[in-house]
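Here's the letter readout for the chains.
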Amino acid sequence: MDLASRYKGVVGFVFGNDNSGSSEDSYVERLLDRISNGVLAEDRRTAIAELQSVVAESRAAQLAFGAMGFPVLMAVLKKERDDVEMVHGALETLVSALTPIDHAKGPTNEVQPALMNTDLLSRESDSISLLLSLLSEEDFYVRYYTLQILTALLTNSPNRLQEAILSIPRGITRLMDMLMDREVIRNEALLLLTYLTREAEEIQKIVVFEGAFEKVFSIIKEEGGSEGGVVVQDCLELLNNLLHSNASNQVLLRETMGFDPLISILKLRRSTNSFTQQKTINLLSTLETINLLMMGGSEADPQKDSNKITNKTVLVQKKLLDHLLMLGVESPWASIAVRCSALRCIGDLVAENPKNLDVLSSKVLGEESQVEPALNSILRIILRTSSIQEFIAADHVFKNFCEKNMDGQAMLASTLIPQPNSMIDAPFEEDVNMSFGSMLLHGLALSESDGDLETCCRAASVLTHILKDNTQCKERVLRIELEAPMPSLGAPELLLHRIVRYLAVASSMKNKDGKPGYLYVQPIILKLLVTWLADCPGAVQCFLDSRAHLTYLLELVSNTSSTVCVRGLAAVLLGECVIYNKSSESGKDGVTITDAIGQKIGLTSYLLKFDEMQRSFLFSSAKPAQSHKPLTRSAAASMAEIEDGTEDDLSDQKNEDHPILISIFDVQFVKFVKSLEVYIRENIIDVYSRPKSDVAVLPAEMEQQGGESDKDYIKRLKAFVGKQCSEIQNLLGRNATLAEDLARTGGSGHSQPELKVGSGSDRVQAEILRRDLQKASQRIEMLEAEKAKIESEASMYQNLAGKLESDLKSLSDAYNSLEQTNLHLEKEVKALKSGGTPSTSPDIEAIKAEAREEAQKESEAELNDLLVCLGQEQSKVEKLSARLSELGEDVDKLLEGIGDDMGLPEDDEEEED
């Protein structure tokens, strides 16, 4: 056995050449010899029991067994099925050989004997087939130990064992039959199938064909649903494996059993007020199954989108939304992990599904005496929760609700009605009777009283979703005014101006411990402003109505203490004031904003802010939603144990790794900012390239000098104007060139915030070199075109020469055919002479000579014509060859092989004559 031989080498390497005859090796070898060669059955049973004991306790014995023990025990399992005790011992020994031993109980080395034994045994397809055949045995322990062995093999060598089981007839069927066995056998078989079906589409289909859905849901119901133990978790993990990226299995489940058995697992009793860890894991696994159904299948499946829509529609029809709202909104006793997962499911369930959006907008929660819309309750979670993850999950609901849902956005915006100061100062507990919009504005204005912008920025995130890509909502919210905190502080303030003021306050904000303020307040507010001003000239005009806004924004872009993303978003907001500016009022138009950028920041430094933001972690790592990974036992346990932290718990986290920042800078927003950046660069180039509308200074040369005649004055003015026009055109052209180069390079000097302008002579030299390079490029392009034309002509002539040679060959073939006919006629004449009277036969020789002479004349005339043509073509080919040589082409290589296989058979025929 080659594998065993190589394994012995590994054992020798681990223990050293001098220790190859160690006590463990020799002891295991003696036991194996007694098992295979023993005469007394009792002695052999004793030997196998001792072998199992030593292998279970010693890593060295595991290594020694792997080197020489598998063939012996496989022979026992194959030939001695009737001796149940021997079979038990052999299977127990195999389980021990494949089970890792704690490092503390053996020598510490890097070799893992159990893994090596697993690899060795899984390579033998005959061994896998033999183990599967043992599942049909009646003995309970035989089936139990066999399932344990297969599970160990699958854990360490899944791909190899999956292939082996697929190749064995009825292999999977035998495993599925174990699900109807006794409870212990069933649980082992269930665990085995979860390993077997991971990322194995063919096995998944066979398992489903064998009735996996019915058996799994039957076991879940028998175990008590979400209240059940780890068996329910294993059933749900198997179910998730069968549905993961497998649209056909999802369709089969939907059209056979339906989604009712799955949704019933999420059903909670109203009296339930405690969640065990196992119940939490079971609910998380069920929500994971819901997520897989809402994904619809793999990305490559053409039916994914239609399957996803159908699954979402059916799930809502089956009242799934009610159970999710109960888990995510109405169950404060549920763990944070369950609440967050339920809220994310709600968001995904309504995403881009008009019917489900309408259902969610019409949902109400609470008892009969006091009910409120479900969206109000979710908004309250956003404004009140102390959990970062719960805020992100609830915000995900509004993001998906407002995405491409202009009617829903308008409905929410219509409720934005400011409340009097008495309501602004009211505590959160009294917001139950408020409308959605009033509650949102309450959250935006709450920071005036407690100086904490945490609630304000969360409300700003929701407002961002309401305004996104909806001009009507932007214009409507633009007219909202908020009363001052105190009447003595002045008139009401526009909501947009209040938001900008919060942005300025956030830069100096401290949290409750006196440390620097929340990392995400300014980015969230800037995202709101960027979304609001996009394609909304009215919002741009409102923003610029206060000169202080522009001044602060210029300072924020230049502020080195701000984060890269804050400076970048501020630069985008400043660019929007240029590209969406329709004002012609002096001091507020796009040209004035551009001049301010050039004077206060510098064009190069300003454009560098975009490049720095694009290279930042948040922008470069923005990715679409990750595909769901299997929720295994360890992963589910870790999720259930995590209790989400507050902002204080995340204070040590890096700026760019903050969960809220990652959620803000999603793929859609990053793409939107990148498209805005391109538009901003183009518009700034355009502004720098065109002259300003007003001339501020009248040159002294335009004044008429004393004693100067009108004629001379007019002549001098014409010359001056001509000179000025020429200079202006040169300056505009140079300005446009510089702006284009700057926008194209993006300020390539990363280490310098401002690029030094070179001396005049350097610029002139660079311009000369650029023009020379351009001329050389044009010359090269012309030569390339000429070369291509000559090559085309050469190819045409080569084809013509080939055609002529082909015609010549056809003529030669005709001549040969004529010769053959003549020979045939000669034979017939000889036959006639031998059988008839010679006096009556014609002069055959004369006729043959005359026919040959006529054929030769005809063929010689055609040959002369062909030779003349070939001579002409040869002269052309020589001229083309000379030209190709000048251009550097290898003429011999081009002509190689032409005409080699064409012969002139006429000469051969003449020689035969």
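Residues numbered from 1 in each chain as written. Predicted model: local features only at pLDDT ≥ 70, side-chain atom pairs only at ≥ 80, totals over all residues. Heavy atoms only, no water.

A.B. asks: I keep staring at the overall build of the protein chain and nothing clicks. Help me out?
C.D. replies: Assigned secondary structure in the protein chain consists of 46 helices and four strands. Counting over 913 residues, the protein chain shows a buried share of 47%. Across the protein chain, every contact between residues at least 6 apart in sequence was considered, and the portion connecting residues at least 24 apart equals 72%. With the model as given, the accessible surface of the protein chain reaches about 47,000 Å², and the carbon-plus-sulfur share is 52%. (Helix = DSSP H or I, 4+ residues; strand = E, 2+ residues; numbered from the N terminus. Buried < 20%, exposed > 50% of the residue type's maximum accessible area, 1.4 Å probe, protein only. Contact = heavy atoms within 4.5 Å. Areas by Shrake-Rupley, 256 points an atom, 1.4 Å probe, with all protein chains shown as cover.)

A.B. asks: So what exactly am I meant to see when it comes to the pattern of salt bridges here?
C.D. replies: Any two side chains of opposite charge can pair, on the condition that their charged atoms come close. All chains considered together, the criterion is met by 32 salt bridges. The partner of Asp 260 in a salt bridge is Lys 318, and the shortest N-O contact between them spans 3.5 Å. Remark: Lys 318 occurs in the loop between helix H19 (304–317) and helix H20 (320–328) and Asp 260 occurs in helix H17 (residues 260–265); sequence separation between them is 58 residues. Across the pair Asp 545 and Lys 588 runs a salt bridge, and its minimum N-O distance is 3.2 Å. Of this pair, Asp 545 sits in the loop between helix H33 (537–544) and helix H34 (547–558) while Lys 588 sits in the loop between helix H35 (564–579) and helix H36 (590–600); the two residues are 43 residues apart in sequence, bridging distant segments of the chain. (Salt bridge = Lys/Arg side-chain N within 4 Å of Asp/Glu carboxyl O.)

A.B. asks: Looking at this structure, I do not really get the packing of helix H24 (residues 388–402) against helix H29 (residues 454–467). What am I missing?
C.D. replies: For any two helices packed against each other, one specifies the inter-axial angle together with the distance between the axes. Following both chains from N to C, one finds H24 and H29 inclined at 15°, their axes separated by 8 Å at the closest point. By the angle class used here, H24 and H29 are roughly parallel. Note that H24 runs across H29; the crossing there is right-handed. Contact residues: Ile 388, Phe 391, Asp 395, Phe 398, Lys 399 and Cys 402 in H24; Arg 458, Ser 461, Val 462, His 465 and Ile 466 in H29. (Axes fitted to C-alpha atoms, helices over the stretch in contact; angles between N-to-C directions. Parallel < 35°, antiparallel > 145°, perpendicular 65-115°, else oblique. Left-handed = near helix turned anticlockwise from the far one by under 90°.)

A.B. asks: I would appreciate a short explanation of the packing of helix H23 (residues 374–384) against helix H27 (residues 436–445) in the present structure.
C.D. replies: The contact between H23 and H27 brings their axes to 10 Å, and the two run at 10°. Judged by the inter-axis angle, H23 sits roughly parallel to H27. Across the interface between the two elements, Leu 375, Asn 376, Leu 379, Arg 380 and Leu 383 from H23 touch Phe 436, Met 439 and Leu 440 from H27. When its residues are assigned to classes, the contact of H23 with H27 shows six nonpolar, one polar and one charged. (Nonpolar A, V, L, I, M, F, W, Y, C, P; charged D, E, K, R; others polar.)

A.B. asks: Just checking my understanding: could you explain a negative patch on the surface for this structure?
C.D. replies: On the surface, Glu 850, Glu 854, Glu 858, Glu 862 and Asp 865 cluster together to form a negatively charged patch. Relative to the helices and strands, Glu 858 resides in helix H44 (residues 844–886). Exposure remark for Glu 858: the relative accessible area of 52% places this residue in the exposed category. (Patch = residues over 30% accessible without salt bridge, like charges linked within 9 Å, V, L, I, M, F, W, Y side chains within 5 Å. Lys, Arg positive; Asp, Glu negative; His and termini not counted. Charge placed at Lys NZ, Arg CZ, Asp CG, Glu CD.)

A.B. asks: Which parts of the structure should I look at to understand helix H32 (residues 521–533)?
C.D. replies: What sets the pattern is the α-helix's 3.6 residues per turn: residues three or four places apart point alike. For H32, spanning 13 residues, the distance from its first C-alpha to its last is 19 Å, which sits close to the expected 18 Å at 1.5 Å a residue. The buried count for H32 comes to 13 of 13 residues, which makes it a mostly enclosed element. The first or second residue beyond H32 is Asp 535, which carries a positive phi of 55°. (Expected span 1.5 Å × (residues − 1).)

A.B. asks: Could you clarify how one ought to interpret the packing of aromatic side chains in this entry?
C.D. replies: Geometry of an aromatic ring pair is reported as the spacing of the ring centres plus the angle between the planes. Counting across every chain of the model gives eleven aromatic pairs. Pairing Tyr 606 with Phe 610 gives two aromatic rings, centres 5.3 Å apart and planes at 80°, and the pair type is edge-to-face. Placement of both Tyr 606 and Phe 610 in helix H37 (residues 603–615) is noted, with a separation of four residues, approximately one turn of the helix. Its relative accessible area of 0% is what places Tyr 606 among the buried residues. (Phe/Tyr/Trp six-rings, centres within 6.5 Å; stacked < 30°, edge-to-face > 60°.)

A.B. asks: Help me understand the environment of Val 95, please; the structure alone is not making it clear to me.
C.D. replies: Positionally, Val 95 belongs in helix H6 (residues 84–98). Looking at Val 95, the relative accessible area reads 17%, which means it is buried. Sequence-distant contacts of Val 95, that is, excluding residues within four places in its chain, are made with Tyr 145, Gln 148 and Ile 149.

A.B. asks: Help me understand the pairing of strand S1 (residues 364–367), please; the structure alone is not making it clear to me.
C.D. replies: Where a strand is regular, its side chains alternate between the two sheet faces. Relative to strand S2 (residues 370–373), S1 runs antiparallel, the two sharing four bridges. Opposite Gly 366, over in S2, you have Val 371 as the bridge partner. The hairpin turn running from S1 into S2, its antiparallel successor, is two residues long. (Pairing = 2+ DSSP bridges.)

A.B. asks: When you look at helix H15 (residues 230–243) in this model, what are you seeing that I'm missing?
C.D. replies: Given a rise of 1.5 Å per residue, 14 residues ought to cover 20 Å, and the 20 Å separating the end C-alpha atoms of H15 matches this to within 8%. H15 sits mainly inside the fold: 13 of its 14 residues count as buried. Just downstream of H15 lies Ser 245, where phi reads positive at about 55°.

A.B. asks: What am I meant to see in the environment of Tyr 815 here?
C.D. replies: Position of Tyr 815 relative to the elements: it lies in helix H43 (residues 760–835). Each C-alpha atom, one on Tyr 815 and one on Gln 856, is 8.9 Å from the other, the two residues being 41 residues apart in sequence.

A.B. asks: Can you walk me through the confidence of the model for the protein chain in this structure?
C.D. replies: Caution is warranted with low-pLDDT regions, since their predicted coordinates should not be read in detail. Mean pLDDT for the protein chain: 81, with 79% of residues reaching 70 or above. A low-confidence stretch, residues 747–761 (pLDDT under 50), is modelled with 19 contacts involving residues beyond four sequence positions or located in other chains. Between residues 837–841, whose pLDDT stays under 50, and residues either more than four places distant or in other chains, the model counts zero contacts. (pLDDT = per-residue confidence, 0-100.)

A.B. asks: Whenever I open this one, unusual backbone geometry confuses me. Can you help?
C.D. replies: Trans is the common state for peptide bonds, and a negative phi is the common state for residues other than glycine. Phi is positive for Ser 245, close to 55°, though the residue is something other than glycine. By secondary structure assignment, the location of Ser 245 is in the loop between H15 and helix H16 (247–255). A positive phi angle, close to 55°, is found at Asp 469, a residue other than glycine. If you trace the backbone, Asp 469 turns up in the loop between H29 and helix H30 (471–478). Assessed through its relative accessible area of 56%, Asp 469 is described here as exposed.

A.B. asks: Would you mind going over the environment of Val 251 with me for this structure?
C.D. replies: For Val 251, the position within the fold is in helix H16. For the pair formed by Val 251 and Gly 297, sequence separation is 46 residues and the distance between their alpha carbons is 10.0 Å.

A.B. asks: Where do I start with the side chain of Asn 282 in this structure?
C.D. replies: With respect to the secondary-structure elements, Asn 282 resides in helix H18 (residues 277–295). For Asn 282, a relative accessible area of 0% gives the class buried. Residue contacts for Asn 282: discarding those within four places in its chain leaves Gly 225, Ser 226, Gly 228, Gly 229, Val 232, Gln 233 and Leu 236.

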